[in-house]
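# Topology and contacts: notes
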Amino acid sequence: MTVQTGIQPISVTRRAKDRLVQALVYLAFALAVIPLVSVLWLVVKNGAGRFDMEFFTHSMRNIGARDAGGGAYHAIIGTLEQVLLASLIAVPIGLLTAVYLIEYGEGGRLSRIISFFVDVMTGVPSVVSGLFVLAFWILVLGMSFSGFAGALALSILMMPVVVRATEEMLRLVPRELREASYALGVPKWRTIVKVVLPTALPGIVTGVMLAVARVAGETAPLLLTVFITDSINNDPFSGPQMGLPLYVFNQTVLPTDVAVDRAWTGALTLILIVMLLNLVARLITWWRSPARRR
């Protein structure tokens, strides 16, 4: 009886501490969600007014600052093409870099140098990548402002995010899976392609989507490399091409209510595009997951 009476208060104290910590965690979560919900609500509330078919099927060609109407079709096309090109450049390079760092060069001098430069690139401001592409691609090589130039700037920002996310996911793959594959006589490169990468695929896709979400809203690199146009340009390799971040920036500086309404709708459209891309990536990951195929 003495032992039981001595244990009971300790159990009650532990439960009380557990409830207190749980309440603090819920409170911290609520405080973190409040700004996110308020921003989303503000964007939806102000952007719903111009969320119509005209906005998604028309450009701003021949639309003045005080004129009603107009849309962001040219900016939507530009953003999709620029982000796609940036992903085609950054994802393979970032993926192969992470594979080298984890599977081949771990602990080596070259891997330390690469890791150092990846860390440096992670902290580089977005405007610096735009200035680099402007100086090298446009001024030195003499190329024109284009969506591809903007994609080059965005890919510089994407690479370190993809590398770090892929590194962490590859580290989480159990070493026993690799050793079992090696024991069966499977070459290392084939083990990476058939065992390691499929196992880490969900996390890799999440990292890629984080990189896409980061660059999709960047304005400064596009302002320096893509320039601004009110016309539709479906060719990202020739001439200025609008993007949604540029569209929002351009409309917010105009001193009219109709322009500000278009800017809010452009911001809402950008958020929806990122969410849609994330959903598509999740579906692809689920479809290609090893657990489902078993």
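Residues numbered from 1 in each chain as written. Predicted model: local features only at pLDDT ≥ 70, side-chain atom pairs only at ≥ 80, totals over all residues. Heavy atoms only, no water.

## Observations concerning the packing of helix α3 (residues 73-104) against helix α6 (residues 147-172)
Packing of α3 against α6 leaves a shortest axis separation of 6 Å and a crossing angle of 35°. As α3 packs across α6, the resulting crossing turns out to be right-handed. Each residue belonging to the contact of α3 with α6 can be placed in one class, and the counts come to 20 nonpolar, seven polar and two charged. (Axes fitted to C-alpha atoms, helices over the stretch in contact; angles between N-to-C directions. Helix = DSSP H or I, 4+ residues; strand = E, 2+ residues; numbered from the N terminus. Left-handed = near helix turned anticlockwise from the far one by under 90°. Nonpolar A, V, L, I, M, F, W, Y, C, P; charged D, E, K, R; others polar.)

## Some details on a nonpolar patch on the surface
The grouping of F132, F136, L139, V140, L141 and M143 at the surface amounts to a nonpolar patch, some 620 Å² of accessible area in total. With respect to the helices and strands, F132 occurs in helix α5 (residues 126-140). (Patch = residues over 30% accessible without salt bridge, like charges linked within 9 Å, V, L, I, M, F, W, Y side chains within 5 Å. Areas by Shrake-Rupley, 256 points an atom, 1.4 Å probe, with all protein chains shown as cover. Salt bridge = Lys/Arg side-chain N within 4 Å of Asp/Glu carboxyl O.)

## Regarding the pattern of salt bridges
Summed over the entire model, instances satisfying the criterion amount to seven salt bridges. Between E103 and R178 there is a salt bridge, with the nearest N and O atoms lying 2.7 Å from each other. Here E103, found in helix α3, pairs with R178, found in helix α7 (residues 175-183); they are 75 residues apart in sequence, far enough to count as distant. Taken as a pair, E103 and R178 share a single burial class, namely buried. Note that D119 is salt-bridged to R164, the shortest N-O span being 2.6 Å. (Buried < 20%, exposed > 50% of the residue type's maximum accessible area, 1.4 Å probe, protein only.)

## Topic: the nonpolar core
Counting residues in each nonpolar core, the largest one holds 46 residues, and the members touching the most others are A72, M158, L170, L244 and Y247. Elements with a minimum of two residues in this core: α3, α6, α8 (188-216), α10 (244-252) and α11 (257-288). By residue number, the principal contributor to this core is α8, which donates twelve residues. Each residue touching L170, except ones within four places of it in the same chain, is listed here: A98, V99, I102, R178, V196, L197 and A200. (Core = buried A, V, L, I, M, F, W, Y, C linked by side-chain atoms within 4.5 Å. Contact = heavy atoms within 4.5 Å.)

## Details of the environment of T191
Along the chain, the position of T191 falls in helix α8. Among the residues examined, T191 registers a relative accessible area of 1% and is labelled buried. Those residues in contact with T191, other than ones at most four positions away along the chain, are R178, S181, Y182, V186 and V196. Within the local environment of T191, its side chain forms a polar contact with the backbone oxygen of P187, the two atoms lying 2.9 Å apart. (Polar contact = N/O pair within 3.5 Å; in protein donor to acceptor, adjacent residues only side chain to side chain.)

## Digging into the side chain of T225
Looking at the element boundaries, T225 is found in helix α9 (residues 220-225). Among all residues touching T225, those that are not within four sequence positions of it are G130, V133, L134, I138, F145, S146, A149 and G150.

## Considering the environment of V274
Its place among the elements puts V274 in helix α11. For the pair V274 and A213, spaced 61 residues apart in sequence, the C-alpha separation works out to 6.1 Å. With sequence-adjacent residues up to four places away left out, V274 is seen in contact with M209, A213 and A216.

## Overview of the side chain of T269
Within the element layout of this structure, T269 appears in helix α11. Assessed through its relative accessible area of 4%, T269 is described here as buried. A polar contact of 2.8 Å, which involves the side chain of T269, links it to the backbone oxygen of T265. Beyond its immediate sequence surroundings of up to four residues, T269 is in contact with F51, F55, F56, I76 and L244.

None of the figures reported here should be taken as evidence of function without further support.
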